[in-house]
4 protein chains.
Amino acid sequence: MAKTKSIPSLVKDPELVKIRRGQIIRAAVDLFVEKGFHKTTTREIARESGIGIGTLYEYIQSKEDVLYLVCDFIHSDVEQKLDEEMTHGRNGRETLVNAIRYFYRVMDGMQDYVLLIYQEMKSLPGDMLRYVLAKEEEITSRFERILERGIKDGSLVLEPDSVKLMAHNIVVLGQMWAFRRWVLSRHYTLDQYIDHQTSLILQGMQG
Amino acid sequence: MAKTKSIPSLVKDPELVKIRRGQIIRAAVDLFVEKGFHKTTTREIARESGIGIGTLYEYIQSKEDVLYLVCDFIHSDVEQKLDEEMTHGRNGRETLVNAIRYFYRVMDGMQDYVLLIYQEMKSLPGDMLRYVLAKEEEITSRFERILERGIKDGSLVLEPDSVKLMAHNIVVLGQMWAFRRWVLSRHYTLDQYIDHQTSLILQGMQG
Amino acid sequence: MAKTKSIPSLVKDPELVKIRRGQIIRAAVDLFVEKGFHKTTTREIARESGIGIGTLYEYIQSKEDVLYLVCDFIHSDVEQKLDEEMTHGRNGRETLVNAIRYFYRVMDGMQDYVLLIYQEMKSLPGDMLRYVLAKEEEITSRFERILERGIKDGSLVLEPDSVKLMAHNIVVLGQMWAFRRWVLSRHYTLDQYIDHQTSLILQGMQG
Amino acid sequence: MAKTKSIPSLVKDPELVKIRRGQIIRAAVDLFVEKGFHKTTTREIARESGIGIGTLYEYIQSKEDVLYLVCDFIHSDVEQKLDEEMTHGRNGRETLVNAIRYFYRVMDGMQDYVLLIYQEMKSLPGDMLRYVLAKEEEITSRFERILERGIKDGSLVLEPDSVKLMAHNIVVLGQMWAFRRWVLSRHYTLDQYIDHQTSLILQGMQG
DNA sequence: CATGAATGAGTTTTCATTCAT
DNA sequence: CATGAATGAAAACTCATTCAT
């Protein structure tokens, strides 16, 4: 699992930090989704968090910190969901099919958050951006591992140097449901979408 | 070809408007790519355009107008490039292969612009956003037409209701080269990328 | 009749100056009444005048010049109307009664302009302001002369040092119909107003 | 007493709001008197108030708010002064004479403020304007009540439907001392003015 | 004489951040 | 630890005026 950059806080009690940051993240996610990062003010974040503006700055150092916290939270949420569900299946191929279906459903439920990360990530300072990108890569690597398992057990046929690319394809086509939903959902249901994309991906992996 | 929303200008001479807006767009594209829309100031746009801030506002009505002008310019540039090159090939299949290669190379050359549109589009006012999304769809539809041609001439095998999805796949996998370049280019050259993706797409289209 | 300050013009043909300034004044009066002096732009004045912004500045030197032209025009209009009608009557008393009625009706018809002068006058540069105030005084002095005539012919009884004050009273109570119209007109018709004020004024002038 | 529109403030402590707005009003009154509303900048208001520009906007929402605060302050000041002094006198007639003298002296002391309200009132947004006009009417109604008392106790003779008009006359002739002072003071002292106008008004109210 | 494109000083307003309580 | 009043740098946008054509 990818590392998380720790954001300094003036408050020392780690339990309290966790609680307050939870409030902050919950408030900020909604606000960022609704109005975007730049159009959300720190005052709004504080108000929606139920704390004072001064208190907000006891738990973060800058507005960008909040964005990082939010991105990290979303990624962790995705990761956690994947960890719960992505290892089922008798062989690599079955696991892959299950994982795709599950991942795409997660993407469907988190479309606003997927968009948020895609659109606001660039506002992060360099070092935070690297952490976020690493998490993005980490998620992709989960599919790499499934693919490798399938290759090993013979249920999937794929050149080794295609593994990484195929994993990215799987992830991006899942995210595509989120950021092209405005047009895709006019023509396909989520399940149709999953079926189509799954068969495309599987076709790409047989002898 | 998708319509373009016309942005009002205080200056009446249309030739001059075209020239000055050209300057503005050229300056703004670079600035937006470098610092993002929100962190670019109107004064910077004016300075880089070689005109005064007052003059800038003779040619636009708001900063969002500049963003629209930039998005529209980028899309038009892509469209124009596609129009020049995308119809070659003896049959649908060959045209598709050529088109993919050509499109992905365009995406490679315009990666900053692709990112720009993905990340800043949401800052457009509603009506402008609709125009930009329509252009995005228009670009996808060019691939739909190629696919349909291949189905008709028998060089491609594809269910009719998969056409739209496959066109989106082609486009998004092209854009993916732009917005995942930070990791993909560590493992694949552009041509490798094109070869892999082309074969994946073609595998998805045979009997 | 009070002097009028001449506003310099780059255009030499006096006939043309008169015509163009007529256009400018007509446009500006309406705009100033509608939006006030400060919220009216020179561009709007030019547009409504049917001339270009460059041309506007051939006939004036600054925006304040337009305000002066407008104030002067309104005053001249009032003066001219008074000159036509204010000398009728067999004696001073009768002339006064006629003059009041006539003046108050003029004020009623010009209420927007009366307000305009009261509210925007202060934006005039010092020397122009003096000219406008002189015209205001000039109008008052017309009533002084009527009062003096009435004193002389015995139809009005008034201390000589009250003449000036009474003349101001007459004028201001006329203007009051304009700038308190929002409440007065809810309780009195114009003719009732005139009757009441006339009798008040006459009561103030009997032995 | 007429209601006052409450202007929202970001600062919650009402005592502090009162103090800071006091500073702001004091600074703004002087500046508006000196240069007019439009030519006074918010930065000047802040500077003269002894606070930062950011702080200014913690206590108001727009420059118009300051104008309203100023108008309201002036009106309240007038009202308060009238309340202190205007009820003395054995009967209505005596009260009236005292009230006129007192009111006209107040007008003399506040001439700049009277002018300010007359000239800048129109820059208020619609709802604020209504509040200011209501206060203006409220002041007039104080004289109505004195007149009614005089009618009741027989010390003043006046048709009931003339009461309102006469009250307006009293007020406007008081304000006239403020806005025609430039000419009136060349011919009359304040006390002469008061004597003359008082006797005019009283002559209008006897059998 | 007529025009309108060009200009930049100046305006109101916002908002992330700090720090005394 | 919590608070929110104070701050000023910076932002978008306006508009009277000029001047080359």
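Just so we're clear, the structure is a prediction, and the values are computed from it rather than from any experiment. Per chain, residue numbering runs from 1 following the sequence as it is written. Labels are handed out in written order, letters beginning with A for the chains and numbers beginning with 1 for the ligands. The predicted origin of the model limits local features to residues at a pLDDT of at least 70 and limits the giving and counting of side-chain atom pairs to 80 or more, whereas totals for whole chains, interfaces and linings rest on all residues. The basis for the side-chain values is all heavy atoms of the structure; hydrogens and waters are excluded.

Brief notes about the overall build of chain A
Step number 1: Numbering of helices and strands runs from the N terminus, with a helix taken as a DSSP run of H or I at least four residues long and a strand as a DSSP run of E at least two residues long. Along chain A, the regular secondary structure elements total 10 helices and 0 strands.
Step number 2: Each helix (α) and strand (β) of chain A, taken in turn from the N terminus, gives the series α-α-α-α-α-α-α-α-α-α.
Step number 3: Each principal axis of the C-alpha distribution contributes one length, and for chain A these read about 60 × 40 × 25 Å.
Step number 4: Relative to its full complement of 207 residues, chain A shows a buried share of 54%.
Step number 5: Put simply, of all contacts in chain A between residues at least 6 apart along the chain, 72% involve residues at least 24 apart.
Step number 6: Total accessible area on chain A stands at roughly 9,200 Å², and carbon and sulfur atoms take up 51% of it.
Step number 7: Only four residue types enter the tally: Lys and Arg on the positive side, Asp and Glu on the negative side; His and the chain ends are excluded. Each charge is placed at NZ for Lys, CZ for Arg, CG for Asp and CD for Glu. Charged side chains in chain A number 28 positive and 30 negative. The centres of these two groups are separated by 3 Å. The buried label goes to any residue with under 20% of its type's maximum accessible area, the exposed label to any with over 50%, and the partly exposed label to all in between, with areas taken from a 1.4 Å probe on protein chains only. We call two residues in contact whenever any of their non-hydrogen atoms come within 4.5 Å of each other. Note on areas: these come from Shrake-Rupley sampling with a 1.4 Å probe, and a residue is covered only by the protein chains present in the view.

Examining the protein's contact with DNA strand F
Step number 1: Here a residue is considered near a molecule or strand provided that any single heavy atom belonging to it is located within 4 Å of it. If you check the shell around DNA strand F, you find 40 residues, and the closest are A:Y59, C:T42, D:R20, D:G54 and D:Y59.
Step number 2: A share of 65% is what sugar and phosphate atoms reach among the atoms of DNA strand F within 4 Å of the protein.
Step number 3: In the analysis that follows, any N or O atom pair within 3.5 Å is treated as a polar contact, provided that within protein one partner can donate a hydrogen and the other can accept it, and provided that, for residues neighboring in sequence, both atoms belong to side chains. A distance of 3.4 Å is found between a phosphate oxygen of DNA strand F and a backbone nitrogen or oxygen belonging to A:D13.
Step number 4: A:T55 is positioned such that a nitrogen or oxygen atom in its side chain is 2.7 Å from a phosphate oxygen of DNA strand F.
Step number 5: Each residue gets one label: Ala, Val, Leu, Ile, Met, Phe, Trp, Tyr, Cys and Pro are nonpolar, Asp, Glu, Lys and Arg are charged, and the others, such as Gly, are polar. Here the residues of the surface near DNA strand F sort into 14 nonpolar, 15 polar and 11 charged.

What about the packing of aromatic side chains?
Step number 1: Two rings belonging to Phe, Tyr or Trp (six-membered ring only in the last case) form a pair when the distance between their centres is within 6.5 Å. Interplanar angles under 30 degrees mark stacking, angles over 60 mark edge-to-face geometry, and anything in between is tilted. Overall, the coordinates contain 30 aromatic pairs over all chains when judged by the stated rule.
Step number 2: For A:K63, the ring lying beneath its charged end belongs to A:F37, and the centroid distance is 4.5 Å. Working rule: Lys NZ or Arg CZ, within 6 Å of ring centre, within 35 degrees of ring normal, means a charge sits over the ring.

Some remarks on the protein's contact with DNA strand E
Step number 1: The immediate surroundings of DNA strand E are formed by 40 residues, with B:R20, B:Y59, C:G54, C:Y59 and D:Y57 found nearest.
Step number 2: When the atoms of DNA strand E within 4 Å of the protein are sorted by group, sugar and phosphate make up 65%.
Step number 3: The side chain of C:Y59 places a nitrogen or oxygen atom 2.5 Å from a phosphate oxygen of DNA strand E.
Step number 4: D:R43 is positioned such that a nitrogen or oxygen atom in its side chain is 3.2 Å from a base oxygen of DNA strand E.
Step number 5: Residues of the surface near DNA strand E, tallied by class, amount to 14 nonpolar, 15 polar and 11 charged.

Focus: the interface of chain C and chain D
Step number 1: Contact residues are listed per partner, giving 38 residues for chain C and 38 residues for chain D.
Step number 2: The junction of chain C with chain D conceals about 3,700 Å² of combined surface from both sides, 61% of it contributed by carbon and sulfur atoms.
Step number 3: Each reported salt bridge corresponds to a side-chain nitrogen of Lys or Arg within 4 Å of a carboxyl oxygen of Asp or Glu. Counting every contact that joins chain C to chain D gives 6 salt bridges.
Step number 4: Across the pair C:K122 and D:E120 runs a salt bridge, and its minimum N-O distance is 3.6 Å.
Step number 5: Applying the counting criterion to the chain C and chain D interface returns 18 residue pairs in polar contact (both at pLDDT 80 or more).
Step number 6: Taken together, the elements giving at least two residues each to the side of chain C that touches chain D come down to α6 (111–120), α7 (126–152), α8 (163–179), α9 (181–184) and α10 (190–203) of chain C.
Step number 7: Per-element tally for the side of chain C that touches chain D: the top contributor is α8(C), with 11 residues.
Step number 8: Within the side of chain C that touches chain D, the residues separate by chemical class into 15 nonpolar, 13 polar and 10 charged. When two components associate, each loses some accessible surface as probed by a 1.4 Å sphere; the sum of these losses over both components is called the buried area.

Observations regarding the domain arrangement of chain A
Residues and elements named next belong to chain A.
Step number 1: Boundary definitions for the domains trace back to an automatic or database domain assignment. As assigned here, chain A comprises domain 1 (8–61) and domain 2 (67–205).
Step number 2: The gap between the C-alpha centroids of domain 1 and domain 2 is 29 Å.
Step number 3: Opposite the 10 residues of domain 1 that make contact, domain 2 presents 9 residues.
Step number 4: In total, domain 1 and domain 2 occlude about 910 Å² of area from one another, counting both sides; carbon and sulfur atoms represent 84% of this.

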